[in-house]
Amino acid sequence: MSDSKITRVSGRAVVLRGPDIDTDRIIPARFLKAITFDGLERHVFADDRAAAQGAHPFDAPSAAGAGILVVNNNFGCGSSREHAPQALYRWGIRAIVGESFAEIFFSNALMLGLPCLTVSPADAQAIMAAIDADRNVIVDVDIAQTGVAISGVTWPAALPAHAREALTTGHWDGAGLLLERYDEVDAVAARLGY
């Protein structure tokens, strides 16, 4: 499972301001007609991006290749669709730092190995300001030690103990856990009468 362990995510970041950004905004419902998650990344914030006419944070040149998303409070509220974290993950986001997350969004993200760490509102503003000052700055999200660092400044972050353990041990990956112990799974399947 060592390849499933997530202890740190580093990279450039996208700042997305505003409270209560819901799953309908992250991935509008009309893009949920497929039976797989393939291609969802093309429609991340589709309506918001269209309304912003190229001025949305995800359309900024610095957003290309960014792996960290920094948000405000109650991110991922609304419907429980797992497509929202799937779309963000497929777009390239590998960690989200924010003031707070909707519980179902947080759980759906964790099942993908997409850590969602919380910081205080003041620290969220400071992190956003540091990124705004240099869009190419590297943000280091330490899942094991729960902190966010930029240019030598570190802000404390929170992550529930069960989520930190799942990410740092690789146990977030349910399919990987089954494959790791496939002989046991195969033996149980052989004993079943159906």
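Every chain begins its residue count from 1, and numbering advances along the sequence as written. A pLDDT threshold of at least 70 governs which residues receive local features in this predicted model, and a stricter bar of 80 or more applies before side-chain atom pairs are shown or counted, although totals over entire chains, interfaces and linings include all residues. Excluded from the side-chain calculations are hydrogens and water; all other atoms, namely the structure's heavy atoms, are used.

> Tell me what's going on with helix H6 (residues 161-169), and back it up with residues and numbers.
Taken together, the buried positions of H6 are Ala163, Ala166 and Leu167. Relative to the axis of H6, the buried residues are bounded by an arc of 95 degrees and lie together on one face. Every exposed residue of H6 that faces more than 90 degrees away from the buried side is listed here: Ala161 and Glu165. Residues count as neighbours in contact if any of their non-hydrogen atoms are within 4.5 Å of one another. Each helix is a run of H or I in the DSSP string that is no shorter than four residues. Each strand is a run of E no shorter than two, and both are numbered from the N terminus. For H6, the elements touching its buried residues are helix H4 (103-110). Of the residues one or two after H6, Gly170 is the one with positive phi, at around 90 degrees. Burial classes follow relative accessibility: with a 1.4 Å probe on protein chains only, a residue under 20% of its type's maximum area counts as buried, one over 50% as exposed, and anything between as partly exposed. Think of it as the arc spanned by the lines of direction from the helix axis to the C-beta atoms.

> So what's going on with the pairing of strand E8 (residues 153-156)? Residues and values would help.
For a regular strand, the rule is simple: side chains alternate between the two faces of the sheet. A strand pair is defined by DSSP finding two or more bridges across the two strands. Across 4 bridges, strand E7 (residues 147-150) lies against E8 in antiparallel orientation. Residue pairing in the sheet places Ala149 in a bridge with Thr154 of E8. What sits between E7 and E8 in their antiparallel hairpin is a turn of 2 residues, with Ser151 showing a positive phi close to 50 degrees.

> How would you summarise the state of the cysteines if you had to cite specific residues and measurements?
The term disulfide refers to a covalent linkage connecting the sulfur atoms of a pair of cysteines. The definition used for a disulfide is geometric: two cysteine sulfur atoms within 2.5 Å. Enumeration over the complete set of coordinates arrives at 0 disulfides. Free cysteine: Cys116, not disulfide-bonded; nearest cysteine sulfur from Cys77 at 13 Å. For Cys116, a relative accessible area of 2% translates into the label buried.

> Explain the sheet that holds E7 to me, and be specific about the residues and the numbers.
Spatial strand order, E1-E6-E7-E8: 4 strands in an open sheet with antiparallel pairing. Two strands bound the open sheet, and with one partner strand each, they are strand E1 (8-11) and E8. Averaged over all pairs of adjacent strands, the angle between strand axes in this sheet comes to 15 degrees, irrespective of strand direction. Taken together, the 4 bridges between E1 and strand E6 (residues 139-142) define a ladder with antiparallel strand orientation. Paired with Val9 across the two strands is Val141, which belongs to E6. Between N-to-C directions, angles cover 0 to 180 degrees, with each direction set by a line fitted to C-alpha atoms, over the stretch in contact for helices. With respect to the sheet, helix H5 (residues 121-133) is in contact with E6, E7 and E8, its orientation differing from that of E8 by roughly 150 degrees.

> Kindly report on the packing of aromatic side chains, identifying the contributing residues and their values.
Pairing of aromatic rings covers Phe, Tyr and Trp, the last through its six-membered ring, and needs centres within 6.5 Å; plane angles under 30 degrees mean stacked, over 60 mean edge-to-face, and all others mean tilted. Summed over all chains, the structure comprises 4 aromatic pairs. Seen from their ring centres, Phe45 and Phe58 are 5.1 Å apart, and the 55 degrees between their planes marks the pair as tilted. Here Phe45, found in the loop between helix H1 (23-26) and helix H2 (46-52), pairs with Phe58, found in the loop between H2 and strand E3 (68-71); they are 13 residues apart in sequence, far enough to count as distant. Note on accessibility: Phe45 and Phe58 belong to one class, buried. Pairing Phe75 with Phe101 gives two aromatic rings, centres 6.4 Å apart and planes at 85 degrees, and the pair type is edge-to-face. Within this pair, whereas Phe75 is found in the loop between E3 and helix H3 (83-91), its partner Phe101 is found in the loop between strand E4 (95-98) and H4, the two being separated by 26 residues in sequence. Phe101 sits in the buried class, given a relative accessible area of 12%. Counting every residue linked through ring pairs, the aromatic cluster contains Phe45, Phe58 and Trp91.

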